[in-house]
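What the coordinates show
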Amino acid sequence: AKVAPLALHVHAKSYDFGPDGEETTIDYGRCLSLLKDAGYDKVLSVEFEGPGDELEGTRHTIELIRRYLD
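Attention here is on the structure that accompanies the text. Small disclaimer: the values here were computed from a predicted structure and weren't measured. (Residues numbered from 1 in each chain as written. Predicted model: local features only at pLDDT ≥ 70, side-chain atom pairs only at ≥ 80, totals over all residues. Heavy atoms only, no water.)

**Some thoughts on the nonpolar core**
Membership of the largest hydrophobic core is limited to 12 residues, which are A4, A7, V10, A12, F17, Y28, L32, L35, Y40, F48, L64 and I65. Secondary structure elements with two or more residues in this core: β1 (10-14), α1 (28-37) and α2 (54-69). Top element by residues in this core is α1. It accounts for 3 residues. (Core = buried A, V, L, I, M, F, W, Y, C linked by side-chain atoms within 4.5 Å. Buried < 20%, exposed > 50% of the residue type's maximum accessible area, 1.4 Å probe, protein only. Helix = DSSP H or I, 4+ residues; strand = E, 2+ residues; numbered from the N terminus.)

**As for the packing of aromatic side chains**
The full count for this structure, using the stated rule, is 1 aromatic pair. For the pair F17 and F48, a centre-to-centre distance of 6.3 Å together with 15° between the ring planes defines the contact as stacked. With F17 in the loop between β1 and α1 and F48 in strand β2 (residues 44-48), this residue pair connects regions lying 31 residues apart in the sequence. Here F17 falls in the buried class, since its relative accessible area comes to 18%. (Phe/Tyr/Trp six-rings, centres within 6.5 Å; stacked < 30°, edge-to-face > 60°.)

**Quick word on the pairing of β1**
Residue alternation in β1 divides its side chains into a buried set, V10, A12 and S14, and an unburied set, H11 and K13. Where β1 lies against β2, 5 bridges are found, and the strand directions are parallel. Across the sheet, K13 pairs through a bridge with E47, a residue of β2. At this point the chain moves from β1, through α1, to the parallel β2, and the crossover so formed is right-handed. (Pairing = 2+ DSSP bridges. Right-handed = clockwise from strand over helix to strand, strands pointing away.)

**Let's talk about the packing of α1 against α2**
Working note: a packed helix pair is described by the angle between its axes plus the distance between those axes. As a packed pair, α1 and α2 sit with axes 10 Å apart at the nearest point and diverge in direction by 55°. By the angle between their directions, the pair α1 and α2 is classed as oblique. Considering only the axes of α1 and α2, their crossing is right-handed. On the side of α1, the interface is formed by Y28, G29, L32 and K36, while α2 contributes T61, L64, I65, Y68 and L69. Broken down by class, the residue content of the contact of α1 with α2 amounts to 6 nonpolar, 2 polar and 1 charged. (Axes fitted to C-alpha atoms, helices over the stretch in contact; angles between N-to-C directions. Parallel < 35°, antiparallel > 145°, perpendicular 65-115°, else oblique. Left-handed = near helix turned anticlockwise from the far one by under 90°. Contact = heavy atoms within 4.5 Å. Nonpolar A, V, L, I, M, F, W, Y, C, P; charged D, E, K, R; others polar.)

**Let's talk about the side chain of T61**
Here T61 lies in helix α2. Engagement of the side chain of T61 in a polar contact is seen with the side chain of S14, the distance being 2.5 Å. If near-sequence neighbours (up to four positions away) are discounted, T61 is found in contact with A12, S14, F17, Y28 and V46. (Polar contact = N/O pair within 3.5 Å; in protein donor to acceptor, adjacent residues only side chain to side chain.)

So, to be careful, I would describe these as geometric facts and stop short of saying anything about function.
Shown next as structure tokens:
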């Protein structure tokens with residue numbers, strides 16, 4: 001919350017997803033809420049670093065981000 005207003009670039013990393021589509025190790029809802037509240041309107045770069053197909057993991061991450069930002 002303290003550094004969100006100073007952010008110039010954000011990496012949206014993900015590692016694993018539960019059956020509900022939520023990331024199991026990071027509270028995306030809280031993180032994205034902090035960014036929204038800070039007025040962050042720049043780029044989010046997506047990185048999937050978990051097991052399995054990298055493109056599928058990246059797609060899941062983008063879907064999760066859209067769920068909270070749309």
